[in-house]
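# Analysis of the macromolecular model
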Amino acid sequence: MSDAGNGREHRVVVTGAGLLTPVGNDLASTWDALLSGVSGAGTITQFDATEEFATRIACEVKGFDPSRYLEAKEVKRNDRFVQFAIAVADEAMEAAGLADRADREGIPPSRFGVLFGSGIGGMRTFEEQCRVLITKGAKRVSPFFVPMFIPDMASGMVSIRFGAQGPNYATVSACASSAHAVGDAIRILQRGDADVMLAGGTEAAITPLCIAGFSSMRAMSTRNQEPETASRPFDAGRDGFVIAEGAGALVLETLEHARARGAPILAELAGYGASGDAYHITAPEPNGAGAHLAMRHALRDAGAEPWEVDYVNAHGTSTPHNDAMETAAIKALFGDHARKMIVGSTKSMVGHLLGAAGAVETVISAMVTREGKIPPTINFFDPDPECDLDYGHNRTEERPVRLALSNSFGFGGHNVTLAVRRWEE
């Protein structure tokens, strides 16, 4: 990326992408739903969320059929979060023209890697096998329990599926997990350790224990009677996030490699910034110093100035502290230009996909730069004096977007910003 000003050897481009979200089972349907302002929230259907649970709503994936991607025995041996990862990896590889083994003949397996992030991993399997242990005894615990549960298995199973023998691991940093995966994949390509990286994130944590735990923290919205309007990023009435499930994946390549094989290019991943709050186990640093640092690092990495940014896909969780902190960080970094950008939160529609959020929102940011259309932040009712930027509330905006930032912040103070540049030959 030397011509971007940061001295790195290789530029990195997106040649394929896949999404599985609460508003669509692929990239095209998700994108259409986002532009239309569709909410994916509803009453939980995956278990009986009785009144014992303070929160009984979520953004669930609808109509997902794992048998489209896996044989029956493999469905049983892979947790839902791994099934999601395989689905989006298949879509991304198809879009990149690399789905068939013959298409990958020119790519040495050792030059093709996989990174997937997940904040929680196979929680459904974990809970099921805990019940087995308690009710039936140790000898009845499945021999597949450990490989089904551990978070790295999404990356492992995707690499097996495509014969990728390059760098392969999982990133686990709460809600920044898959943003770290994408960022690390960028670095691997930039330094020449691979030619192709399949990076993404996946989460399937709508389970009784997770809902109970987040409810006990009072982190989630309790608008159980109006789930479609529960996620209200930057609105004065926001009362917590709406938990979601799903996955996102991107095929990343060095620009030289993509051009050599005539690959389609969706966008350029121009910058990666990461930081730590070093502040609190769950609460963000109130003034947004960590978020400010991550955004600043991403811009520097991209060789860009703040005034070049047209859109920020905010972390925008709909929690009181996060949205105020993120707004403060953006204003501190961008100054007067902060009021010329749209700072949107697609979590208002798809909910908070936890560890998968970063990858999903990077794909969305890439689509924004390509299409020149910015999805709305829905569910705006009352202004908050602390959140006084243009969040694209309740409207879809059409405007050229040269450079977009995608923010992801996680419990533990993990901050990641990815800079996505519009691709122009």
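Residues numbered from 1 in each chain as written. Predicted model: local features only at pLDDT ≥ 70, side-chain atom pairs only at ≥ 80, totals over all residues. Heavy atoms only, no water.

### A few points about the overall build of the protein chain
The helix and strand tally for the protein chain stands at 13 helices and 14 strands. Taken over C-alpha atoms, the radius of gyration comes to 20 Å for the protein chain, in line with the 22 Å a tight globule of 425 residues would show. In terms of overall dimensions, the protein chain has a C-alpha envelope of 60 × 55 × 40 Å along the principal axes. Across the 425 residues in the protein chain, those meeting the buried criterion constitute 62%. Within the protein chain, residue pairs in contact and separated by at least 24 positions form 78% of the contacts whose partners lie at least 6 positions apart. Accessible surface, the protein chain as shown: approximately 15900 Å² in total, 51% of it carbon and sulfur. In the protein chain, the 39 positive side-chain charges and the 53 negative ones have mean positions that sit 3 Å from each other. (Helix = DSSP H or I, 4+ residues; strand = E, 2+ residues; numbered from the N terminus. Rg over C-alpha atoms; globule rule 2.2 N^0.38 Å. Buried < 20%, exposed > 50% of the residue type's maximum accessible area, 1.4 Å probe, protein only. Contact = heavy atoms within 4.5 Å. Areas by Shrake-Rupley, 256 points an atom, 1.4 Å probe, with all protein chains shown as cover. Lys, Arg positive; Asp, Glu negative; His and termini not counted. Charge placed at Lys NZ, Arg CZ, Asp CG, Glu CD.)

### Regarding helix α1 (residues 27–35)
Side chains of residues three or four places apart in an α-helix project in the same direction, reflecting 3.6 residues per turn. Every buried residue of α1 is accounted for by L27, T30, W31, A33, L34 and L35. The residue sitting at the N-terminus of α1 and contributing the capping side-chain oxygen is D26; that oxygen lies 3.4 Å from the backbone nitrogen of A28. Following α1 by one or two positions, G37 has its phi on the positive side, about 70 degrees. (Polar contact = N/O pair within 3.5 Å; in protein donor to acceptor, adjacent residues only side chain to side chain.)

### Points about a negative patch on the surface
A cluster of acidic residues, E94, D100, D103 and E105, forms a negative patch on the protein surface. Tracing the sequence through the fold places D100 in the loop between α3 (80–95) and β4 (112–117). (Patch = residues over 30% accessible without salt bridge, like charges linked within 9 Å, V, L, I, M, F, W, Y side chains within 5 Å. Salt bridge = Lys/Arg side-chain N within 4 Å of Asp/Glu carboxyl O.)

### Considering the packing of aromatic side chains
One pass over the structure, following the stated rule, counts eight aromatic pairs. Residues F145 and F149 carry aromatic rings whose centres are separated by 5.8 Å and whose planes lie at 10 degrees to one another, so their mutual orientation is stacked. Within this pair, F145 and its partner F149 are both found in helix α5 (residues 145–149), separated by four residues, close to a single helical turn. Judged by its relative accessible area of 18%, F145 falls in the buried class. Each member of the aromatic cluster is reached from another via a ring pair, and the members are F64, Y69 and F84. (Phe/Tyr/Trp six-rings, centres within 6.5 Å; stacked < 30°, edge-to-face > 60°.)

### A word on the pattern of salt bridges
Per the stated rule, a full pass over the model turns up 21 salt bridges. Notably, a salt bridge pairs R395 with D390, separated by 2.8 Å at the nearest N-O pair. By relative accessible area, which is 30% here, R395 ends up partly exposed. Overlapping salt bridges, with partners in common, bring together R223, E226, R232 and D239 in one network.

### Let's talk about unusual backbone geometry
Look at A278: it is not a glycine, yet its phi comes out positive at around 50 degrees. For A278, the position within the fold is in the loop between β8 (267–276) and α10 (289–302). Although it is not a glycine, N394 sits at a positive phi angle of roughly 60 degrees. Relative to the helices and strands, N394 resides in the loop between β11 (373–374) and β12 (397–398). In this structure N394 comes out as partly exposed when scored by relative accessible area, which is 44%.

### Quick word on the environment of D26
If you trace the backbone, D26 turns up in the loop between β1 (12–20) and α1. Spatially, the C-alpha atom of D26 lies 7.6 Å from that of V88, the residues being 62 residues apart in sequence. Non-local contacts of D26, meaning those with residues more than four positions away in its chain, are made with L19 and E91. Here S29 takes part through its side chain, which lies 2.5 Å from a polar atom of the side chain of D26.

### Some details on the pairing of strand β13 (residues 403–410)
Summarising burial for β13: eight of the eight residues are buried, a large majority. Going residue by residue along β13, you find L403, L405, N407 and F409 tucked away on one face and A404, S406, S408 and G410 tucked away on the opposite face as well. Relative to β13, strand β9 (residues 311–313) is paired through three bridges, and the arrangement is parallel. What sits directly across from N313, in β13, is S406. In the sheet, β13 pairs with strand β14 (residues 414–421) via eight bridges, with the strands oriented antiparallel. Directly across from A404, in β14, lies its bridge partner V420. Hairpin connection from β13 to β14: three residues lie between these consecutive antiparallel strands, with G412 at a positive phi of about 95 degrees. (Pairing = 2+ DSSP bridges.)

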